[in-house]
Each structure stands twice: as structure tokens, then as C-alpha cells.
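What the coordinates show
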Amino acid sequence: MKALFSLSYLRIFMSAVLATVFLLLAGCSGQEKDPVLKVGVMAGPEADLMQVAIKQLKKNTGIKAKLVEFSDYVAPNMALTDGSIDVNAFQHRPYLDSMIKERGLKLAVVGNTFLYPIGAYSKKIKNIAELKHGAIIAIPNDPSNEGRTLMLLDHEGLITLKDSHDLEATPADIIKNPKDLHFKELDAAQLPRSLDDVDLAFINSTYAVPAGLLPSRDALLLEGSKSAYVNLIVSREDNKTDPRIIALVHAYHSEAVKKKAEELFHGSAIPGWQG
């Protein structure tokens, strides 16, 4: 009788142990890394390029990834930091450095994408020499692209900055303004729509091309190919060695992505991983 009782008790005990183990395993599996790599991009042609890279990634390695699109420059880094996405591709080094400095983000560069030159466009003049005294100039309002624009104006002799190499220059840093130019600071996505209201607008190629502006044809001023503003693929410090992210970088640096960039930007997107 005691033997039967002991056997029954043992069966009940082992059943309870197994149930606990299954519950623990279920809990652990819920904490595992999402097998689908989430990639943050800006909505528009950059998203189209990354979509090609994602297809190459799956074709070459079987790794699945999906796009998460954003419409402003702050959200992709915050989403990367909080784990909503695994990697992003939308920003250049000066902007990344400013975000890291201001917000204490733990982010790492894992690869380059393209240089998208910033250029000056106008519906009112055909040549930069026609720019009138008191002209209104629309410029990006994010710190790095604003400085990038003012450095280009300084280089062309239209203004003089305190420091012509200051990546974070603002209109307050202008010490000479012989044409008394007036600056209108706008969100980068709004700049193409400002052309009817200003004399000149500085627009990044990623927004110029979708608006029907071809940098090599329409820009009155255009950033050179030696610019330091090549765009980056960025991860968190804690996942920069994730094999999926490394494979994504290789997929992005493919002939298929370069071909799509030529189709979208007509020579106005310069591969940042060559030379």
C-alpha cells in the first residue's frame, strides 16, 4: 500500500515538474530575438533602395527583414534605441554624432549607403548670380543639414561664417551677409513645397528627386562628391555584431541596389562604400 502511494505521489510530482519546465520554456521563447530583422528608413526612395537590399538578403541568406518607415529625422534613432527596430539607414555621420551627443544614445555605424548631395533649387532664378539683395533662402532646420547648407553658401562666397568648417553652424554664426539674405528654417520634407514662396531652397536629393528635381540638371549649387555627408547603416552598440545586420550590409552593397539607385536618382546618388 505504501509502495502504491509512493508511486502515485511520484507520478504527480513529476507531472508538476514537467509542467513547470514547459511554462519556463514558453516564457523564455517569448523573450527570444524576433527572427525578422526590423529596418528603419525614411519613407521615399531610400525605402525603395532598402527594399531591394532586403530581397537580396533573403535570396542570399534566407534571412527575413521588413521595413519600418518614418517621416522625421528623430524617430528612427529613438526607435532603434528602445528596440522597436534593429537597425536604421537614413542619416549621415554629423547628424548621428549630434544625436549621440545630445541624447546619450548608444549607437554604432555598421556600414555606408549613399551620398545624397544637397543642392539649391529655385523657381524664380536660373543662375545663382541672379540672386537678389534681400532674397529669402529656405534651409533645413535640423542641426547638421543646416550647417551643411551654410557651409556650402560660405564656400560659394554668398556668406561668411565664423568657422567655415562648423558642421553645426546656424544663421547666428554668419558674420558677413553682403546680399542681406533672409533664412527660413524648415523641416527637410517641407523644402520642395517651399519653392513657390522663397527665392532659393536647399533640398537633399532624397527629397528633391521625388519632387521632380534632378540635382545634376536643376540644382543651381550642388555639394561635391568629396562631401563627408555619406549616409550610414546604424545599429545599437549591443547588436552591432548581429550576423543578420552584417549580412544586411553586404546585401545593401550589391549591384542590384546600385542599379536601383541609378534608376531612382539618375546619377545623383553616389555609393558610399566605394573608393
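Scroll up to find the structure.
Residues numbered from 1 in each chain as written. Predicted model: local features only at pLDDT ≥ 70, side-chain atom pairs only at ≥ 80, totals over all residues. Heavy atoms only, no water.

Describing helix H5 (residues 143-155)
Between the first and last C-alpha of H5 there are 18 Å, a value that for 13 residues agrees with the 18 Å anticipated at 1.5 Å per step. When you tally the buried positions in H5, you get eleven out of 13 residues, the bulk of the element. Regarding H5, the residues found buried are Ser144, Asn145, Glu146, Gly147, Arg148, Thr149, Leu150, Met151, Leu152, Leu153 and Asp154. One or two positions beyond H5, positive phi appears at Gly157, with a value near 80°. (Helix = DSSP H or I, 4+ residues; strand = E, 2+ residues; numbered from the N terminus. Expected span 1.5 Å × (residues − 1). Buried < 20%, exposed > 50% of the residue type's maximum accessible area, 1.4 Å probe, protein only.)

Quick notes on the packing of aromatic side chains
This structure, assessed with the given rule, holds nine aromatic pairs. On the basis of an interplanar angle of 75° and a centroid distance of 6.1 Å, the ring pair of Phe90 and Tyr95 is categorised as edge-to-face. Here the two residues Phe90 and Tyr95 agree in accessibility, since each one is buried. Here the aromatic cluster, defined as three or more aromatic residues joined through ring pairs, consists of Phe114, Tyr116, Tyr252, Phe265 and Trp273. (Phe/Tyr/Trp six-rings, centres within 6.5 Å; stacked < 30°, edge-to-face > 60°.)

Some details on the sheet that holds strand S1 (residues 37-42)
Read from one edge of the open sheet, five strands run S2-S1-S3-S13-S4, paired in mixed fashion. One side of each edge strand has no neighbouring strand; the edge strands of this open sheet are strand S2 (65-70) and strand S4 (107-112). Taking the axes of each pair of neighbouring strands and ignoring which way they run, one obtains an average angle of 35° across the sheet. Sheet topology places S1 next to strand S3 (residues 87-92); two bridges connect them, and they run parallel. Its bridge partner lying in S3, Val39 is registered against Val87. (Pairing = 2+ DSSP bridges. Axes fitted to C-alpha atoms, helices over the stretch in contact; angles between N-to-C directions.)

Section: the pattern of salt bridges
Considering all chains together, one arrives at nine salt bridges under this definition. Notably, a salt bridge pairs Lys240 with Glu237, separated by 3.1 Å at the nearest N-O pair. A relative accessible area of 38% means that Glu237 is categorised as partly exposed. (Salt bridge = Lys/Arg side-chain N within 4 Å of Asp/Glu carboxyl O.)

Section: the pairing of strand S13 (residues 231-236)
Summarising burial for S13: six of the six residues are buried, a large majority. The pairing of S3 with S13 spans four bridges and is classified as antiparallel. Following the sheet pairing, Asn88 is matched in S13 by Val234. Note: S4 against S13, five bridges, orientation antiparallel.

Digging into the side chain of Asn88
Take Asn88: it is sitting in strand S3. A residue is classified by how much of its surface remains accessible, and Asn88, at 0% relative accessible area, is buried. At 3.0 Å, the side chain of Asn88 forms a polar contact with the side chain of Asn77. One polar contact links Asn88 to Gln91, side chain to side chain, over a distance of 3.2 Å. When neighbours within four sequence positions are excluded, Asn88 is seen to be in contact with Gly40, Pro76, Asn77, Leu80, Leu232, Ile233 and Val234. (Polar contact = N/O pair within 3.5 Å; in protein donor to acceptor, adjacent residues only side chain to side chain. Contact = heavy atoms within 4.5 Å.)

Re the sheet that holds strand S7 (residues 136-140)
Reading across from one edge, S10-S7-S11-S6-S12 is the order of the five strands in this open sheet, with mixed pairing throughout. The open sheet has two free edges, formed respectively by strand S10 (182-186) and strand S12 (221-222), since each of these has just one partner strand. Here S7 runs beside S10; their pairing, made up of five bridges, is parallel. Bridging across to S10, Ala138 finds its partner in Lys184. Set on the sheet, H5 makes contact with strand S6 (118-121), S7, S10, strand S11 (200-204) and S12; between it and S7 the angle comes to about 135°.

Function cannot be read off these values alone, since they describe shape.
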